[in-house]
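Chains, contacts and geometry: an overview
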Amino acid sequence: MRAAILTLLAATVVIVAGCGAVSRVSQGDPTNGKALFKTKCGACHTMANAQTAGTIGPNLDDAFGPDKDQGFHLTTIADVVRGQIAYPDTKPSTGSPGMTANLAHGQDAKDIAVYVALCSAEPNCKIPPGTYKLSN
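Residues numbered from 1 in each chain as written. Predicted model: local features only at pLDDT ≥ 70, side-chain atom pairs only at ≥ 80, totals over all residues. Heavy atoms only, no water.

**Structural notes on unusual backbone geometry**
With phi around 55°, Asn102 is a residue other than glycine that occupies positive phi space. Looking at the secondary structure, you find Asn102 in the loop between helix H4 (74-86) and helix H5 (106-119). Positive phi, close to 60°, is recorded for Ala121, a residue that is not glycine. In this structure, Ala121 sits in the loop between H5 and strand S4 (132-133). The class for Ala121 is partly exposed, based on a relative accessible area of 30%. (Helix = DSSP H or I, 4+ residues; strand = E, 2+ residues; numbered from the N terminus. Buried < 20%, exposed > 50% of the residue type's maximum accessible area, 1.4 Å probe, protein only.)

**Examining the side chain of Lys68**
Examined against the element boundaries, Lys68 turns out to sit in helix H3 (residues 60-69). For the buried Lys68, no salt bridge exists, and the shortest N-O distance to an oppositely charged side chain is 4.2 Å, to Glu122. If we skip the residues at most four places from it in the chain, Lys68 touches Leu74, Ile77, Val116, Ala117, Leu118, Cys119, Ser120 and Glu122. (Lys, Arg positive; Asp, Glu negative; His and termini not counted. Salt bridge = Lys/Arg side-chain N within 4 Å of Asp/Glu carboxyl O. Contact = heavy atoms within 4.5 Å.)

**Topic: the side chain of Ser120**
Counting through the fold element by element, Ser120 comes out in the loop between H5 and S4. When its relative accessible area of 0% is taken as the criterion, Ser120 is described as buried. A distance of 2.8 Å separates a polar atom in the side chain of Ser120 from the backbone oxygen of Val116. Not counting residues up to four positions away in its chain, the partners in contact with Ser120 are Met47, Leu60, Asp61, Phe64, Lys68 and Tyr115. (Polar contact = N/O pair within 3.5 Å; in protein donor to acceptor, adjacent residues only side chain to side chain.)

**Some details on the state of the cysteines**
Per the stated rule, a full pass over the model turns up 1 disulfide. Between the sulfur atoms of Cys119 and its disulfide mate Cys125 the distance is 2.1 Å. Across the disulfide from Cys119 to Cys125, rotation about the S-S bond amounts to roughly -50°, and the bridge is consequently left-handed. Judged by relative accessible area, Cys119 falls into the buried class, the value being 0%. Taking the relative accessible area as the measure of exposure, Cys125 reaches 17% and is therefore buried. Here Cys41 is not cross-linked by a disulfide; its sulfur's nearest cysteine counterpart is in Cys44, at 8.5 Å. (Disulfide = S-S within 2.5 Å.)

Any functional reading would require information beyond the geometric quantities listed.
Written out as structure tokens, the structure is:
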């Protein structure tokens, strides 16, 4: 399971970096990201800090917890999230409805990505106010 997640993560980073359509996420407003996540993403995704329990999409605590445990940079996680917002699996093999591409755009999508990078697998995550700069 862990190997599959790492392979998916690595492939997503390569695809997102190679296509050039989505820029790297280096900063964002996690407070805005949390609010947007709750309204745009929470119906489908579980994330403890957002108090959402969606079951259609991946549980983001489970998806990114092992990556954080292994020391992945928050910028990598944010880039993966941003890439998945732009280029989601619209027709998953599970038979569940796929995610609509670009549920958020521009800075809003980056804010969601920063929030998920900071607070996935961190139920008691303390969100810093204002713009947060991710570091490698």
